[in-house]
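# Commentary on secondary and tertiary structure
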Amino acid sequence: MLSASENFALTLVWAYEITMSSFSKNQECPSSFELNLFQQGEVSAEEGKEIRMHLRVCDFCSAESDFYARFPQPLESSEEIIEPKM
């Protein structure tokens with residue numbers, strides 16, 4: 001039988017693994033290029049609205065968008081961004 005602290009530690013590991021396994025892009029996510037354009041104000045009002053709605057529910061894209069906000073990437077090099085495999 002596990003002690004309370006061992007049980008708690010296993011619960012934390014399990015929760016971390018579940019959280020991190022879902023921390024990735026999916027088919028509904030905007031591309032990295034689109035997120036960079038969004039952060040630099042280079043998308044239409046409609047595209048911006050869609051991306052903002054997506055960022056409310058997708059932690060991965062929200063983190064990526066925050067990265068581009070803090071570390072703007074030149075737009076000409078954005079096309080070279082390697083997209084993560086889904």
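The structure under discussion appears in the preceding block.
Here we summarise the structure given alongside this text. Model, not experiment: these values are computed from the prediction. Note that residues are indexed from 1 along each chain, following the sequence as it is written. Where local features are concerned, this predicted model is filtered to residues with pLDDT of at least 70; where side-chain atom pairs are given and counted, the filter is 80 or more; whole-chain, interface and lining totals use all residues. The basis for every side-chain value is the complete set of heavy atoms in the structure, and neither hydrogens nor water enter the calculation.

### Things to note about helix H3 (residues 45-57)
Numbering of helices and strands starts at the N terminus; helices are DSSP runs of H or I of at least 4 residues and strands are runs of E of at least 2. A helix is expected to reach a length of 1.5 Å times the quantity of its residues less one. Spanning 13 residues, H3 covers 19 Å between terminal C-alpha atoms, matching the ideal 18 Å at 1.5 Å per step. Restricting attention to buried positions, one finds in H3 the residues Gly48, Ile51, His54 and Leu55. Mapping the buried residues of H3 onto a view down its axis gives an arc of 125°, with all of them on the same face. Exposed residues lying more than 90 degrees from the buried face of H3 are Ala45, Arg56 and Val57. Throughout, a residue-residue contact means that at least one pair of heavy atoms, one from each residue, lies within 4.5 Å. Each element contacted by the buried residues of H3 is listed here: helix H2 (32-39) and helix H4 (59-70). The buried label applies to any residue whose accessible area, calculated with a 1.4 Å probe on protein chains only, is under 20% of its type's maximum; exposed applies above 50%, and partly exposed to all values in between. An arc is given here, and it is the one of the directions from the helix axis to the C-beta atoms.

### Considerations on the side chain of Glu64
On the secondary structure map, Glu64 appears in helix H4. Separated by 2.4 Å, the side chains of Glu64 and Ser32 make a polar contact. Excluding anything up to four places from it in sequence, Glu64 contacts Lys25, Ser32 and Leu35. N or O atoms within 3.5 Å of each other form a polar contact, as long as, within protein, one can give a hydrogen and the other can take it, and as long as residues adjacent in sequence are counted only when both atoms are side-chain atoms.

### Quick notes on the packing of H3 against H4
Inter-axis angles, ranging from 0 to 180 degrees, are taken between N-to-C directions of lines fitted to C-alpha atoms, where helices are fitted over the stretch in contact. Closest axis-to-axis distance for the H3/H4 pair is 6 Å, and the angle between their directions is 115°. Where H3 crosses over H4, the two elements pack in a sense that is left-handed. Counting all contacts with H3, which are made through His54, Leu55 and Val57, the residues of H4 involved are Asp59, Cys61, Ser62 and Ser65. What makes a crossing left-handed is the near helix being turned counterclockwise from the far one by less than a right angle; a clockwise turn instead makes it right-handed.

### Topic: the side chain of Asn36
With respect to the helices and strands, the residue Asn36 is situated in helix H2. Taking relative accessible area as the criterion, Asn36 reaches 0% and is therefore assigned buried. Within the local environment of Asn36, its side chain forms a polar contact with the backbone oxygen of Gln73, the two atoms lying 3.3 Å apart.

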